Amino acid sequence: VQELIDTEIKATCYKLKKFEIPQKWAAVAPFTAANNMLTPKMSIRRHRVIRTYEDVIAHLYGDEPAVSESTDGYHHDSVAA
């Protein structure tokens, strides 16, 4: 399945610039209002998606956490110095 999707990505994205073409991807459960990944207006609840799939995101970006939770309780993007 992964090879089939990789082939489709290459076939579909051939006109895009190299940095626009996905190099890594992960299959996850659909985002729905029922699982609280979407609001009733169908907007993505990014904080919930990031919290739920933090391990998957870290794996895609080289095992570094994609976000960190600060003392104020909010997730902040980590910035490389």
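Note that the structure is a prediction, hence the values are computed from the model and not measured.

On to the overall build of the protein, then. Counting its regular elements, the protein contains three helices and two strands. Counting from the amino terminus, the protein carries its helices and strands in the arrangement α-α-α-β-β. Sorting the 81 residues of the protein into buried and exposed places 12% on the buried side. A sequence separation of at least 24 residues applies to 16% of the contacts in the protein between residues at least 6 apart. Here the protein displays about 7,000 Å² of accessible surface, and carbon together with sulfur accounts for 57% of that area.

In this section: the environment of Ala 33. Its place among the elements puts Ala 33 in the loop between α1 (2–12) and α2 (46–52). Residues Ala 33 and Ile 44 lie 11 residues apart in sequence; the distance between their C-alpha atoms is 9.2 Å. Once residues within four sequence positions are removed from consideration, Ala 33 is found in contact with Leu 38, Thr 39 and Met 42.

This part covers the confidence of the model for the protein. With 78% of its residues at a pLDDT of at least 70, the protein reaches an overall mean of 84. Here strand β2 (residues 75–77) stands out as the least confident element of the protein, with mean pLDDT 50; α2 is the most confident, with 95. Scored below 50 in pLDDT, residues 77–81 shows four contacts in the model against residues more than four places distant or in partner chains.

Turning next to the environment of Trp 25. Following the sequence through the fold, Trp 25 ends up in the loop between α1 and α2. Here Trp 25 falls in the partly exposed class, since its relative accessible area comes to 23%. Each C-alpha atom, one on Trp 25 and one on Asp 6, is 9.0 Å from the other, the two residues being 19 residues apart in sequence. If we ignore the near neighbours within four places in the chain, the residues touching Trp 25 are Gln 2, Ile 5, Asp 6, Ile 9 and Leu 60. Polar contacts involving the side chain of Trp 25 include one to the side chain of Asp 6, which spans 2.6 Å.

A positive phi angle, near 65°, is found at Asn 36, a position not held by glycine. Considering the arrangement of structural elements, one finds Asn 36 in the loop between α1 and α2. Of the residues examined, Asn 36 reaches a relative accessible area of 35% and is grouped as partly exposed. Phi is positive for Met 42, which is not a glycine, with a value near 70°.

Thresholds applied
- Residues numbered from 1 in each chain as written.
- Predicted model: local features only at pLDDT ≥ 70, side-chain atom pairs only at ≥ 80, totals over all residues.
- Heavy atoms only, no water.
- Helix = DSSP H or I, 4+ residues; strand = E, 2+ residues; numbered from the N terminus.
- Buried < 20%, exposed > 50% of the residue type's maximum accessible area, 1.4 Å probe, protein only.
- Contact = heavy atoms within 4.5 Å.
- Areas by Shrake-Rupley, 256 points an atom, 1.4 Å probe, with all protein chains shown as cover.
- pLDDT = per-residue confidence, 0-100.
- Polar contact = N/O pair within 3.5 Å; in protein donor to acceptor, adjacent residues only side chain to side chain.

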